[in-house]
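Each chain, letter by letter, is given below.
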Amino acid sequence: MEHIVIIGNGISGVTLARHIRKLSDKKITIVSAETDYFFSRTALMYVYMGHMKFENTQPYENWFWEKNNINLKKGYVNTVDTSSKTLHFEEGDTLTYDKLVIATGSKPNKFGWPGQDLKGVMGMYHKQDLEQLERYAPNNEICKHAVIVGGGLIGIELAEMLNSRSIPVTFLVREASFWNGVLPKGESAMITRHIKNHHIDLRLSSNLREIKSDNNGKVTSIIIDETGEEIPCNVVGLTAGVTPNIDFLKNSDIELGRGVKVNRFLETNISDVYAIGDCAEQHEAIGNRRPIEAVWYTGRMMGETLAQTICGNKMAYNPGHWFNSAKFLDIEYQTYGWVFGERGRPGYEQHFHWKHDDDTKCITVAYHKNTSEFLGINTFGIRMRHEVFDRWLTEKRDVDYVIHHLPEANFDPEFYSRFENDILKTYKNTLQTIS
């Protein structure tokens, strides 16, 4: 019986295992060093905030794996020998495979800062990070101040988590405005104001120089590079992005770039070896997407796609139109299609921007300035329907159509009466100004 070994029990690896099992009776083993069972990584913050227990983050009961004949092995893979199709574990044991899938996800970036491995310094990606946070920041008596380094989505989540326990936070962001590499100007400015309104000490255009420690190797303060200012703290969260977790493959024959190099079928350069999820790097990016996508839903889609190939129905990975969602404290964010920030914005891309007077709701619609084709939308504080925008992008609707039909995309029955007329009015005024 063909043995499929999957390294990594995140959303990609587990989706793959489930779909192979639906399609076949192949032998499946999932290897992980992180946890015994699959859990929802995006829910970790809610465990710390007291909204749920860790057990509630596990989508499947513990009996599910045995019942579905999926073997789970806890262990850390040291090396992969592709010539003999053998995994060598840190503990000294080995495991052979017929087909191998690498789904090891990401790890937080570290840029060689002095003190980056001290006690009290952590990312916010793994279950072990959550355990460390509970240890070093259980309350504001033990953790009197925390510093977060890096202004992405994980950074804002960590700020919200610490905020929920009334732990004062200083947030170092190297950009001049929050997430302005991704968000257009108006949105970035609104989110910057929103963070400051939550009594978070947001330091823009600020980089970390070093993390200082006491005699026991525990964090005591950080130094800001630009000013030399020292900020006392008990916890430092490193959230300056993530990088593929592939160090154990450095001495293998598998081709690596920043991630594990794959083609459209998620195949590596070695026969019977594949990679999916955050650790997979496309040889050529798909459309405007990045070659590596550390996004939950693309990991799930890769797992579903590769299951077809492994079970005899060879299928290319086709993620469709870009979308994503997140939360900036209490403002929900959704994006469909492409809306570029000021950096890297193509010359043909025009934006229509509307913001509510309460400074917590806005939309930006991107369109082609010559053809008026709808390219994408960002929404903050207003919920929209994915399937509607997905259809409009496929149908190549124009911006005029999208603005006039926004109620169809509305997820909230109050949306039409509260914002639709205002958005339409602003849009018409904008058009008059342009013409």
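Predicted model, so just to flag it, every value in this text is computed and none were measured.

(A) Layout of the sheet that holds strand S21 (residues 323-328). Across the sheet, 5 strands lie side by side as S21-S22-S25-S24-S23; this open sheet has antiparallel pairing. In the strand order of this sheet, the two ends are held by S21 and strand S23 (349-355), each with one partner. For this sheet the average axis-to-axis angle between neighbouring strands, irrespective of direction, equals 10°. Summarising the sheet, S23 and strand S24 (residues 362-368) pair through 7 bridges and their orientation is antiparallel. Bridge pairing in S24 links His-351 to Ala-366.

(B) Seen up close, the sheet that holds strand S3 (residues 70-74). An order of S3-S2-S1-S7-S19 is seen for the 5 strands of this open sheet, with the pairing classed as parallel. Taken across any chain shown, the strands that pair with only one partner, and hence form the sheet edges, are S3 and strand S19 (273-275). Averaged over all adjacent pairs, the angle separating strand axes in this sheet is 20°, with direction ignored. Pairing between strand S7 (residues 99-102) and S19: 3 bridges, direction parallel. From the neighbouring strand, Leu-100 faces S19, where its bridge partner is Val-273.

(C) Local environment of the pattern of salt bridges. Evaluation of the coordinates by the stated rule reveals 28 salt bridges. The closest approach of N and O atoms between Lys-99 and Glu-2, which form a salt bridge, is 2.7 Å. With a gap of 97 residues between them, Lys-99 in strand S7 and Glu-2 in the segment before strand S1 (3-7) connect regions that are remote in the sequence. Accessibility expressed as a relative area gives 24% for Glu-2, which makes it partly exposed. For Asp-358, the salt bridge is made with Lys-361, and the minimal N-O distance between the two is 2.4 Å. Taken together, the shared-partner salt bridges in this structure form one network comprising Glu-2, Lys-26 and Lys-99.

(D) Broad picture of the side chain of Lys-261. Its location among the elements puts Lys-261 in strand S18 (residues 260-262). For Lys-261, a relative accessible area of 17% puts it in the buried group. With near-sequence residues (within four places) excluded, Lys-261 lies in contact with Glu-255, Leu-256, Glu-267, Thr-268, Glu-281 and His-283.

The rules behind these values
- Residues numbered from 1 in each chain as written.
- Predicted model: local features only at pLDDT ≥ 70, side-chain atom pairs only at ≥ 80, totals over all residues.
- Heavy atoms only, no water.
- Pairing = 2+ DSSP bridges.
- Helix = DSSP H or I, 4+ residues; strand = E, 2+ residues; numbered from the N terminus.
- Axes fitted to C-alpha atoms, helices over the stretch in contact; angles between N-to-C directions.
- Salt bridge = Lys/Arg side-chain N within 4 Å of Asp/Glu carboxyl O.
- Buried < 20%, exposed > 50% of the residue type's maximum accessible area, 1.4 Å probe, protein only.
- Contact = heavy atoms within 4.5 Å.

Keep in mind these values describe shape, not function.
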